[in-house]
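As a plain string of letters, each chain reads:
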Amino acid sequence: MTGRGQASAGDLLELVRTGRATTRGALQQVTGMSRATVGQRLERLFRAGWLREGAGGPVDSPLGGRPSITLEFDDAHAVVLAADLDTRHARAAVLTLTGELLAEHSGTLVVEDGPDTVLGELGGWFAELLVKAGHGPEEVCGIGLAVPGPVDSETGLVVQPPIMPGWDGYDIRGRLARAFAERTGRPGAVPVLVDNDANLMAYGEQRTGHRDCSAFVLVKVSTGIGAGVVVDGSIFRGVDGGAGDIGHIRIPEGAESLCRCGSYGCLAAVASGGAVARRLAEAGVRAASGSDVRDLLASGHPEAAALAREAGRLVGDVLATVVTLLNPGVLMIAGDLAGTPFLTGVRELLYQRALPRSTARLDVVTSTLGERAGLVGAGALVVEHLYAPERAEERLLALGV
């Protein structure tokens, strides 16, 4: 907000959306604006369909009078599309502006097939999902995409991704917007936002179940290993999207193991779901990927459990440094290996290596949203971007209100 008495319609929308001020009187108090000016700003939001009146709230005055009418963000005026890519699998969904899943699809998509093919296929998925959800393409306000690689959030470009050959520097935003338009016939470009999968999983989990946690870390252990960090409600990405790439920290135990990034000794080369699958295959167990390991763990396979616990110990050793550096309140383990054996291994080394001061108020937990975390985070990223005060003001002007 630019200051008392100068709040825009976008600023008022932000106050209502976050619950900081949900009546006309409260908006006057927070902004210092007159009743007439607040009314003018709100009228623009009502005309756009972004706000609605709710039930009457408590009477503000001790002298009594009519109850104040509450204001609510109207999540029915648009929908969001979201997709979460893994190396050989993807999920896509239609979501409301408040994160409710209206329709969902999962299936095989292989990132090694290249961005043109994969994003073209996603455009088709989105078209089918909108029909399933009963919404038209004109109702889509934006698309969020989670990818298994580092992303420059300013440009939406994947930067030197170890497990996404052919995607480095590719115009993901433009291609996905075109694919959506081609498959639905919608004119004009739909805004597309792209971020790392662990970042968006962390964002979805933190907003859904840990809003009060000011320092939140999620570690995804699947084909690779990555971490998402949310500080004071915002994703921490580093200077160019490389924050959280802990799978490529070198460890002594991996000195002779070649990682997919081309280096030896990376944590992911010995402790990821892919690494555990390779060790199981060498022992004669049918396993080709992290998802195969997940299925073996679910069935109680003893060798898979033993290797997952060993992998957890290696990751826990690295996380002792992460926890000491960031001092998070919640450390969440997610992905294919996020089960009891792996979590046990993490805790063993984490609490052994980190100082008690760093872990005294730390909760080590597993994912609550599961495979939908990335979708929820991608949807939330779009909404927070499009309805942020300055961007909301631009969109209102474009709408002519």
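Here goes a summary of the coordinates provided.

### Here's the deal with the pattern of salt bridges
Consideration 1: In the structure shown here, the tally under the stated rule is 24 salt bridges.
Consideration 2: Note that Arg 207 is salt-bridged to Glu 384, the shortest N-O span being 3.2 Å. You can see Arg 207 sitting in helix 6 (residues 197–209) and its partner Glu 384 sitting in helix 13 (residues 373–386), a full 177 residues away along the chain.
Consideration 3: When its relative accessible area of 24% is taken as the criterion, Glu 384 is described as partly exposed.
Consideration 4: Here the residues in one salt-bridge network are Arg 91, Glu 104, Arg 294, Asp 295, Asp 336, Glu 371 and Arg 372, joined through shared partners.

### Points about the pairing of strand 11 (residues 225–231)
One face of the sheet, then the other: side chains in a regular strand alternate in exactly this way.
Consideration 1: Across the seven residues that make up strand 11, a large majority, six, are buried.
Consideration 2: Pairing analysis gives seven bridges linking strand 10 (residues 215–221) to strand 11, with the strands arranged antiparallel. Bridge pairing in strand 11 places Val 217 opposite Val 229.
Consideration 3: Sheet topology note: the strand 11/strand 12 (residues 234–235) ladder contains two bridges and is antiparallel. Within strand 12, the position partnered with Val 230 by the bridge is Ile 235.
Consideration 4: Between strand 11 and strand 12, which pair antiparallel one after the other, the connecting turn spans two residues, and Asp 232 there sits at a positive phi close to 50 degrees.

### Examining the sheet that holds strand 12
Whenever strands of a sheet pair, they do so through backbone hydrogen bonds, lying parallel or antiparallel.
Consideration 1: With mixed pairing, five strands are arranged side by side in an open sheet as 12-11-10-13-14. One side of each edge strand has no neighbouring strand; the edge strands of this open sheet are strand 12 and strand 14 (363–366).
Consideration 2: Most of the contacts of helix 6 go to strand 11, to which it runs at about 45 degrees, and overall it touches strand 10, strand 11, strand 12 and strand 13 (330–334).

### Looking at the side chain of Arg 186
Consideration 1: Relative to the helices and strands, Arg 186 is located in the loop between helix 5 (172–184) and strand 9 (192–196).
Consideration 2: For Arg 186, the side chain forms a polar contact with the main-chain oxygen of Pro 137, separated by 2.8 Å.
Consideration 3: Separated by 2.6 Å, the side chain of Arg 186 and the backbone oxygen of Val 140 make a polar contact.
Consideration 4: The contact partners of Arg 186, leaving out residues within four places of it in the chain, are Pro 137, Glu 138, Glu 139, Val 140, Phe 180 and Ala 181.

Parameters and conventions
- Residues numbered from 1 in each chain as written.
- Predicted model: local features only at pLDDT ≥ 70, side-chain atom pairs only at ≥ 80, totals over all residues.
- Heavy atoms only, no water.
- Salt bridge = Lys/Arg side-chain N within 4 Å of Asp/Glu carboxyl O.
- Helix = DSSP H or I, 4+ residues; strand = E, 2+ residues; numbered from the N terminus.
- Buried < 20%, exposed > 50% of the residue type's maximum accessible area, 1.4 Å probe, protein only.
- Pairing = 2+ DSSP bridges.
- Contact = heavy atoms within 4.5 Å.
- Axes fitted to C-alpha atoms, helices over the stretch in contact; angles between N-to-C directions.
- Polar contact = N/O pair within 3.5 Å; in protein donor to acceptor, adjacent residues only side chain to side chain.

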